[in-house]
Number of protein chains: 2
Amino acid sequence: MKPIQVGLCGVGTVGGGTATVLKRNCEEIARRAGRPIVVRIAANRNLERARAVLGDSIELIDDALAIARHPDVEIVVELIGGTTIAKELVLTAIENGKHVVTANKKLIAEYGNEIFARAQEKGVMVAFEAAVAGGIPVIKALREGLTANRIEWVAGIINGTSNFILTEMRDKGAAFADVLAEAQRLGYAEADPTFDIEGHDAGHKLTIMSAIAFGIPVQFDKAYLEGISKLQAADIKYAQELGYRIKLLGVTRRRAEGIELRVAPTLIPEKRLIANVDGVMNAVLVKGDAVGATLYYGPGAGAEPTASSVIADLVDITRLATADPEHRVPHLAFQPSALADLPILPISEVETCYYLRLNALDQTGVLASVTRILADQGISVDAMLQRPSDEASDDGRDDVVIITHLAVEKRVDAAIAQIEALPAINGKIVKLRLEHLNG
Amino acid sequence: MKPIQVGLCGVGTVGGGTATVLKRNCEEIARRAGRPIVVRIAANRNLERARAVLGDSIELIDDALAIARHPDVEIVVELIGGTTIAKELVLTAIENGKHVVTANKKLIAEYGNEIFARAQEKGVMVAFEAAVAGGIPVIKALREGLTANRIEWVAGIINGTSNFILTEMRDKGAAFADVLAEAQRLGYAEADPTFDIEGHDAGHKLTIMSAIAFGIPVQFDKAYLEGISKLQAADIKYAQELGYRIKLLGVTRRRAEGIELRVAPTLIPEKRLIANVDGVMNAVLVKGDAVGATLYYGPGAGAEPTASSVIADLVDITRLATADPEHRVPHLAFQPSALADLPILPISEVETCYYLRLNALDQTGVLASVTRILADQGISVDAMLQRPSDEASDDGRDDVVIITHLAVEKRVDAAIAQIEALPAINGKIVKLRLEHLNG
């Protein structure tokens, strides 16, 4: 059968990996897809660099938009990144009746609604498995594998850089800044690591999963993002004493009032499988009402893992191209006419458990005042830990760690403000969220 | 849009769960599938029992074959089990142009080739996500999520009963027979547990995954099956001392000579995520050449988890029904004309690492003889452990545990025969396989 002709835009790490795997496994892929999938033409701004990656066998140009209009190209693969050229490229490809595969989480999380609407009008598919959790086929699991379920929540370790840093902080008892420097040296963190360590990257991925899980439009602007740069080694240690690990966790949960959508360093019971996902690996835990909890684990980045997802999308499109557009798998799992208008809740309305650490003068009555304030806000205590804050100096100050039961964030914040005002309390209270992730 | 009409054959645990979930989540499922999915008619031999499960809203008959011929039914769901009526039902449904969804691992593993060939001729789909690992969408991952990859191996904990028993044996240091009795009391094991504990159930599931991973026909008759009933508590303890867990592991691996296909109690390094899958949970680890290792974890049985997979198949069929038959996802992941004829290797040709436990008189020269025999067979030793076999009696006998590097099974068996013939060796040698499962 006639090969499917692909136009590859962006020949960096993932673009190079995609070309390599398509070539290496061409026979196997054709046996699965029913026809060969070949790169007809590729585009890269720096032709010389792209030539070094691709070799001489693939036609190469410097204008990606020309690929979106190329008469031979049936599927455009967008691996440029960002939201300027990439967005124009994707919309142009759609206008020209071409299917699109992209690994661009930012583009989908911020402009997905517009892109999917245009694709729907033109009857083409936009596939983005590689945008979330690299090589793990979690978009497919959510969109096709769990269709029987009312999804209750999704929780994911979906940023490898942050997970590597947190794993090293725990294993070595090291400070954030030191581990970040090491991660940069090893190539696990960018020179400017903001996007990874402040939760933006995880937020993009979580936004996409939230839309697919609950049948809502993508709404990245409403996501709450808190990174790991302020996390202290002391809290990792105390969490461990209490039987928890701290992970940069993306959590999106359906409640009657709306959807929680948040990324933050979060305590997880160490006995959960997902608490043991270490280093640069990713994992996503999904709770459905019928199936219970299922977990998807694997490499969240890298040339060939990401290429694995890009090519899976190419095979899907090849297989689905003959289905009538009304019956293909919908972009956001639910039919576009059937998206819900559940609001994304502000962080103040989030309901979860909390870890609080305060520094208090070791004097009678302080703990009584603290627990009274919590009780007045309707917050009940699950566990408490008290340790001298500095064993060497014995300055009469204690670290007090409190784990709460379920509470609403605004009540917790109100309690924190009152506790910080007590004369025996020193400085600010550390607040982290805690998820039990019960299956 | 007009609902898809389903005929439900078999109203036991899974059948009841399927009806329940279809009804409870009907709105959500229709939003995903583009049209409602309804049970038009159900069949069960015992009408009274089925009526108690389904209530009065669904038409109920006692003849499943009538459903396979029913003019209104578009998809037949086979949840009867076994390979007599179930096989006739599935083939009759196909003859009558109906799509089929089944949870029947035995039927697919033993008669899949015949069933898929008939379905191909008639242009209908046969879907069987529920046949492997209950609610975990691992068939979908293998068949659609990892299509870019040359799959190297698949390893799975795919029998919940056995995993529960092994977990209890480890946690309580208890003997197999005692834990089995407890599992039977808790309803985790059948009155006749042979099918679960001797590896038949896991073998069926592994056979199906092997076919999909490597593009070969299903060949259950060539699978090597070894159960857990002879496993001794001592070996679980020694394995733990050496940093391993013992799991009933299904392993299928592609080698140049052919395919390994085997179920047996197997040591896994405890630091692997899959080694920490405990109780009745299931997990499948897949190694692809591009993505590396990805893991899929969740409940492997139960009414609603299995229903979750049955219904996902119903949604898939609804979505794919309009695609031309040549372009649908192939039953065994690869196009039927493109299946490979790689042979399944006999167990004697398997290459893996081994755990050997022997009981030896604690005298000079015994260990030297043992290691010389191993060396003569080309088997190198990775680790060794020596412990008094009975600390109380101090009878001058030691348990010697040997972990080998990679070796071919027939060489190991030859070495074992020679070692057992040594005068200082007492009784038979315990042999278990060991998988490092490197990502």
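In case you missed it, the structure is sitting above this.
Residues numbered from 1 in each chain as written. Chains lettered and ligands numbered in written order. Predicted model: local features only at pLDDT ≥ 70, side-chain atom pairs only at ≥ 80, totals over all residues. Heavy atoms only, no water.

Student: When you look at the pairing of strand β5 (residues 99-102) of chain B in this model, what are you seeing that I'm missing?
Tutor: As a general feature of sheets, a regular strand has side chains that alternate between the two faces. Residue and element names in this part refer to chain B. Alternating positions in β5 separate into two faces, H99 and V101 on one and V100 and T102 on the other, with burial throughout. With four bridges connecting them, strand β4 (residues 75-78) and β5 associate as parallel partners. Paired with I75 across the strands is H99, a residue of β5. On the question of chirality, the crossover connecting β4 to the parallel β5 by way of helix α5 (residues 85-95) is right-handed. With two bridges joining them, β5 and strand β6 (residues 126-127) adopt parallel strand pairing. When the bridges of β6 are listed, V100 appears paired with V126. Since β5 and β6 lie parallel, the crossover through helix α6 (residues 105-122) that links them has a hand, and here it is right-handed. (Buried < 20%, exposed > 50% of the residue type's maximum accessible area, 1.4 Å probe, protein only. Helix = DSSP H or I, 4+ residues; strand = E, 2+ residues; numbered from the N terminus. Pairing = 2+ DSSP bridges. Right-handed = clockwise from strand over helix to strand, strands pointing away.)

Student: Please clarify how the sheet that holds strand β5 (residues 99-102) of chain A should be interpreted in this entry.
Tutor: Strand pairing within a sheet occurs via backbone hydrogen bonds; the two strands may be parallel or antiparallel. Residue and element names in this part refer to chain A. Across the sheet, which stays open at both edges, the six strands sit in the order β3-β2-β1-β4-β5-β6 with parallel pairing between neighbours. The open sheet has two edge strands with one neighbour each: β3 (59-61) and β6 (126-127). Most of the contacts of helix α13 (residues 303-320) go to β5, to which it runs at about 160°, and overall it touches β1 (4-9), β2 (37-43), β4 (75-78), β5 and β6. (Contact = heavy atoms within 4.5 Å. Axes fitted to C-alpha atoms, helices over the stretch in contact; angles between N-to-C directions.)

Student: Hey, could you run me through the interface of chain B and chain A in this one?
Tutor: Many descriptions give the size of an interface as the accessible area lost when the pieces come together. In this assembly, 65 residues from chain B lie in contact with 66 residues from chain A. Taken together, chain B and chain A are joined by eight salt bridges. A salt bridge links A:E28 to B:R150; its shortest N-O distance comes to 3.6 Å. Counting the contacts that link chain B with chain A gives 30 residue pairs in polar contact (both at pLDDT 80 or more). Listing elements by their share of the side of chain B that touches chain A, those giving two or more residues are α1 (13-24), α2 (26-33), α7 (138-145), α11 (200-214), β12 (292-299) and α13 (303-320) of chain B. Residue contributions to the side of chain B that touches chain A peak at 11 residues, all from α13(B). Summarising the sheet, strand β12 (residues 292-299) of chain A and β12(B) pair through three bridges and their orientation is antiparallel. (Salt bridge = Lys/Arg side-chain N within 4 Å of Asp/Glu carboxyl O. Polar contact = N/O pair within 3.5 Å; in protein donor to acceptor, adjacent residues only side chain to side chain.)

Student: So what exactly am I meant to see when it comes to the relation of the copies chain B and chain A here?
Tutor: When chain B is fitted onto chain A, the two copies agree to an RMSD of 0.0 Å after a turn of 180° and an axial shift of 0.0 Å. On this basis, the relationship between the two copies can be described by a two-fold rotation axis. Closest approach to the rotation axis among the C-alpha atoms of chain B is made by B:A323, whose C-alpha sits 1.9 Å away. Looking at chain B, 100% of its interface residues are interface residues in chain A too, so the copies touch through the same face. (Least-squares fit on C-alpha atoms with pLDDT ≥ 70 in both.)

Student: How do you make sense of the side chain of A:R328 when you look at a structure like this?
Tutor: One can find A:R328 in the loop between α13 and β13 (351-361). A polar contact of 2.9 Å, which involves the side chain of A:R328, links it to the backbone oxygen of A:G123. In this structure the side chain of A:R328 is engaged in a polar contact, spanning 3.4 Å, whose partner is the backbone oxygen of A:L320. Those residues within four positions of A:R328 in sequence are excluded, and the remaining contacts are A:H99, A:G123, A:V124, A:M125, A:L320, A:A321, A:A323 and B:R319.

Student: Teacher, can you tell me more about the nonpolar core here?
Tutor: Burial of nonpolar side chains together is a common tendency in soluble globular proteins. Core analysis: the biggest nonpolar cluster contains 176 residues, and A:I165 and B:I165 have the highest contact counts within it. When residues no more than four places from it in sequence are discounted, the contact partners of A:I165 are A:F176, A:V179, A:L180, A:A183, A:I197 and A:I228. (Core = buried A, V, L, I, M, F, W, Y, C linked by side-chain atoms within 4.5 Å.)

Student: It is not clear to me how the packing of aromatic side chains should be interpreted in this structure. Could you clarify?
Tutor: Any two aromatic rings considered together are summarised by their centre-to-centre distance and by the angle between their planes. Counted under the stated rule, the structure contains five aromatic pairs over all chains. For the cation-ring pair, A:K237 lies above A:Y238, with the distance from its terminal atom to the ring centre recorded as 4.8 Å. (Phe/Tyr/Trp six-rings, centres within 6.5 Å; stacked < 30°, edge-to-face > 60°. Lys NZ or Arg CZ within 6 Å of the ring centre and 35° of its normal.)

Student: What exactly am I supposed to notice about the packing of helix α5 (residues 85-95) of chain A against helix α6 (residues 105-122) of chain A here?
Tutor: Relative placement of two packed helices is described by the angle separating their axes and the distance separating the axes. All names here are of chain A. Two elements in contact, α5 and α6, have axes separated by 9 Å at closest approach and are oriented at 15°. In this view, α5 runs roughly parallel relative to α6, as classed from their interaxial angle. Once α5 is placed against α6, the crossing between them reads as right-handed. Mapping the contact onto sequence places A86, K87, V90, L91, I94 and E95 in α5 and L107, Y111, E114, I115, R118, A119 and K122 in α6. (Parallel < 35°, antiparallel > 145°, perpendicular 65-115°, else oblique. Left-handed = near helix turned anticlockwise from the far one by under 90°.)

Student: What is the right way to read helix α12 (residues 233-241) of chain B from this model?
Tutor: Residues lying three or four places apart along an α-helix face the same way, a consequence of the helix completing one turn every 3.6 residues. Residues and elements named next belong to chain B. Of all the residues in α12, the buried ones are D235, I236, Y238 and A239. Along α12, the residues classed as buried sweep out an arc of 165° about the axis, all on the same side. G243 lies just past α12 and shows a positive phi near 90°. (Arc of directions from axis to C-beta.)

Student: Would you mind going over empty space enclosed by the protein with me for this structure?
Tutor: Empty space left among the atoms is revealed by rolling a probe the size of a water molecule over them. Residue and element names in this part refer to chain A. One pass over the structure, following the stated rule, counts 10 cavities of 30 Å³ or more. In this model, the largest cavity occupies a volume close to 150 Å³. In terms of lining residues, the largest cavity is bounded by 13 residues, among which Q120, P325, R328, V329 and H331 are the most central. Grouping the amino acids of the lining of the largest cavity by side-chain chemistry returns seven nonpolar, four polar and two charged. (1 Å grid on protein atoms, 1.4 Å probe; cavity = no way out; pocket = protein on both sides within 12 Å on 5 of 7 lines; lining within 4 Å. Points joined across faces, edges and corners; volume = space filled by probe spheres on them. Nonpolar A, V, L, I, M, F, W, Y, C, P; charged D, E, K, R; others polar.)

Student: Looking at this model, I keep getting lost on the sheet that holds strand β3 (residues 59-61) of chain B. Mind explaining?
Tutor: Residues and elements named next belong to chain B. What the six strands build is an open sheet, ordered β3-β2-β1-β4-β5-β6; its pairing is parallel. Either end of the sheet is taken by a strand with one partner, and the two such strands are β3 and β6. As paired strands, strand β1 (residues 4-9) and β4 are joined by four bridges and run parallel to one another. Residue V6 lies in a different strand from β4, and its bridge partner there is I75.

Student: Would you explain a nonpolar patch on the surface in this entry?
Tutor: Together, A:L186, A:Y188 and A:V280 make up a nonpolar patch on the protein surface, roughly 240 Å² of accessible area in all. Position of A:Y188 among the secondary structure elements: in the loop between α9 (176-186) and α10 (194-197). (Patch = residues over 30% accessible without salt bridge, like charges linked within 9 Å, V, L, I, M, F, W, Y side chains within 5 Å. Areas by Shrake-Rupley, 256 points an atom, 1.4 Å probe, with all protein chains shown as cover.)

Student: I keep staring at the side chain of B:H204 and nothing clicks. Help me out?
Tutor: Structurally, the position occupied by B:H204 is in helix α11. With sequence-adjacent residues up to four places away left out, B:H204 is seen in contact with B:K105, B:K106, B:A109, B:E110, B:F195 and B:F220.

Any link to function would need more than the numbers given here.
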